[in-house]
Amino acid sequence: MAAGKEIRGKIKSVENTKKITKAMEMVAASKMRKAQDRMRAARPYSDKIRNIAANLANANPEYTHPFMAKAKDAKQAKAVGFIVVTTDKGLCGGMNTNVLRQVTSKMRELETAGNKVEAVAIGNKGYSFLNRVGAKLVAHATQLGDTPHLDKLIGPVKVMLDAYQEGKLDAVYLCYTKFINTMKQEPVAEQLLPLPKEKMTADKGAHSWDYIYEPEAQVVIDELLVRYVEALIYQAVAENLASEQSARMVAMKAASDNAGNVIGELKLVYNKTRQAAITKELSEIVAGAAAV
């Protein structure tokens, strides 16, 4: 029964793995709900800032902040920045692979057009990947935990924003995984700076308020737009976290189901092997009795 013993060992091993994947699935499901609530809670803040900044910009057309300058054509641009948001941990399916594939494609396209590319990595997976492919990393933030804090993101992000304001970068792209629903997450590589016109348009039907400024309008617009860009990046990180927990829950459920199928197949093989051994022993006993 050496073969039977080996199969029993495999069954035990797969059962232990199934317990781990099942536990991870339950933990991810619990964290997913909190991550989704956090993601939804961040949206009204950025929407309100966008409305106020859009109204201020419309009321003061003579002043154009660098964040709202006209975007250069890809052939005219000389340097482009990427803020790449990924997870710190793995075991979440192809989520990181999909967004990093999109980042690589966009970088290659820009480098072919003669642009220099710089990157800021948020998340350990993106940081490791960009180091492996030899991309120029100017800053990074890792180990954000399950609850991201803006103060941990501001430092690395400010490096990119300052470079853009100083004219060292002509555009900045934000790459992350957008949360659609529990079963679907979409990799996104969208232009962050200069801010697209559609993002800086007040909501339809909303009143165009006239504000009293203290200090002057220009200073208020400067501060608001920086806060708005920071809010967009925080929202991207929150969306990425919600996507991570959803992808991990789905991946661990699939792993648990597969482990159950493997256990069923191994038990069938074990029973067949055991039955064959019993039949062989009976045949030997009968043959011995007949010989006597």
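The model shown is predicted, which means the values in this text are computed figures rather than measured ones.

Asker: In this structure, what is going on with the sheet that holds strand β2 (residues 116-122)? I would like to understand it.
Answerer: Neighbouring strands of a sheet are bound in pairs by backbone hydrogen bonds; such pairs are parallel or else antiparallel. Here we have five strands laid out as an open sheet, ordered β3-β2-β1-β4-β5, and mixed in their pairing. Either end of the sheet is taken by a strand with one partner, and the two such strands are β3 (136-141) and β5 (184-193). Taking each pair of neighbouring strands and ignoring which way they run, the sheet shows an average axis angle of 20°. Relative to β5, strand β4 (residues 171-181) runs antiparallel, the two sharing nine bridges. Counted as the bridge partner of V172 is L193 from β5. In the packing of helix α4 (residues 150-165) onto the sheet, the strands contacted are β1 (79-85), β2, β3, β4 and β5, and the crossing angle to β3 comes to about 150°.

Asker: Would you explain the nonpolar core in this entry?
Answerer: In a soluble, globular protein the nonpolar side chains are often hidden away together inside. Residues I83, I122, L192 and L193 are the most contacted members of the largest nonpolar core, which totals 37 residues. Among the elements that make up this core, the one with the highest residue count is helix α5 (residues 217-291) (ten residues). I122 has contacts with I83, V84, V85, T86, A141, L144, L153, V157, I233 and V237, leaving out every residue within four places of it along the chain. V80, F82, L110 and A121 belong to the second-largest nonpolar core, a separate cluster that totals 16 residues.

Asker: What's the story with the environment of T86 in this structure? I'm lost.
Answerer: Within the fold, T86 resides in the loop between β1 and α2 (95-112). The exposure class assigned to T86 is buried, which follows from its relative accessible area of 7%. Along the sequence, T86 and Y228 sit 142 residues apart, while their C-alpha atoms lie 21 Å from each other. Ignoring any residue separated from it by four or fewer positions in sequence, one finds T86 in contact with N96, V99, L100, I122, G123, N124, K125, G126 and N240. Of the polar contacts made by the side chain of T86, one reaches the backbone nitrogen of G126; its length is 2.7 Å.

Asker: Explain the environment of E244 to me, please; I cannot follow it from the model alone.
Answerer: Along the polypeptide, E244 turns up in helix α5. A relative accessible area of 6% means that E244 is categorised as buried. On a C-alpha basis, the gap between E244 and K5 in space is 39 Å, while along the polypeptide they are 239 residues apart.

Asker: Would you mind showing me how to read the pairing of β3 here?
Answerer: On a regular strand, each side chain points to the face opposite its neighbour's, so the side chains alternate between the two faces of the sheet. The sheet contact formed by β2 and β3 spans five bridges and is parallel. When the bridges of β3 are listed, V120 appears paired with A139. Regarding topology, helix α3 (residues 124-132) serves as the crossover connection from β2 to the parallel β3, and that connection is right-handed.

Asker: Looking at this model, I keep getting lost on the packing of α4 against α5. Mind explaining?
Answerer: Packed helix pairs are characterised by how far apart their axes lie and by the angle those axes make with each other. The contact between α4 and α5 brings their axes to 10 Å, and the two run at 120°. Here α4 lies oblique to α5, going by the angle between them. Crossing of α4 over α5 shows right-handed handedness. Residue-level contacts link L150, L153, I154, V157 and L161 of α4 to V229, E230, I233, Y234 and V237 of α5.

Asker: In this structure, what is going on with a nonpolar patch on the surface? I would like to understand it.
Answerer: Residues I278, L282 and I285 make up a contiguous nonpolar surface patch of about 280 Å² in total accessible area. As for its position among the elements, I285 is in helix α5.

Asker: Would you mind showing me how to read the pattern of salt bridges here?
Answerer: Side-chain pairing between opposite charges can occur once the charged atoms of the two side chains come close. With the rule as written, the count across this model stands at nine salt bridges. Linking D146 and K31 is a salt bridge whose minimum nitrogen-to-oxygen distance equals 3.1 Å. A residue pair is termed long-range when its members are at least 10 positions apart, and D146 in the loop between β3 and α4 and K31 in helix α1 (residues 2-59) qualify at 115 residues. Under the relative-accessibility criterion, K31 is labelled partly exposed at 28%. One salt bridge in this structure joins E223 and R227, with 3.5 Å as the shortest N-O distance. Highlighted residues: E223 and R227, both in helix α5, separated by four residues, approximately one helical turn. Classification of E223 by relative accessible area gives partly exposed; the value is 43%. For R227, a relative accessible area of 36% gives the class partly exposed. Linked through salt bridges whose partners overlap, the residues forming this network are E223, R227 and E230.

Thresholds applied
- Residues numbered from 1 in each chain as written.
- Predicted model: local features only at pLDDT ≥ 70, side-chain atom pairs only at ≥ 80, totals over all residues.
- Heavy atoms only, no water.
- Pairing = 2+ DSSP bridges.
- Helix = DSSP H or I, 4+ residues; strand = E, 2+ residues; numbered from the N terminus.
- Axes fitted to C-alpha atoms, helices over the stretch in contact; angles between N-to-C directions.
- Contact = heavy atoms within 4.5 Å.
- Core = buried A, V, L, I, M, F, W, Y, C linked by side-chain atoms within 4.5 Å.
- Buried < 20%, exposed > 50% of the residue type's maximum accessible area, 1.4 Å probe, protein only.
- Polar contact = N/O pair within 3.5 Å; in protein donor to acceptor, adjacent residues only side chain to side chain.
- Right-handed = clockwise from strand over helix to strand, strands pointing away.
- Parallel < 35°, antiparallel > 145°, perpendicular 65-115°, else oblique.
- Left-handed = near helix turned anticlockwise from the far one by under 90°.
- Patch = residues over 30% accessible without salt bridge, like charges linked within 9 Å, V, L, I, M, F, W, Y side chains within 5 Å.
- Areas by Shrake-Rupley, 256 points an atom, 1.4 Å probe, with all protein chains shown as cover.
- Salt bridge = Lys/Arg side-chain N within 4 Å of Asp/Glu carboxyl O.

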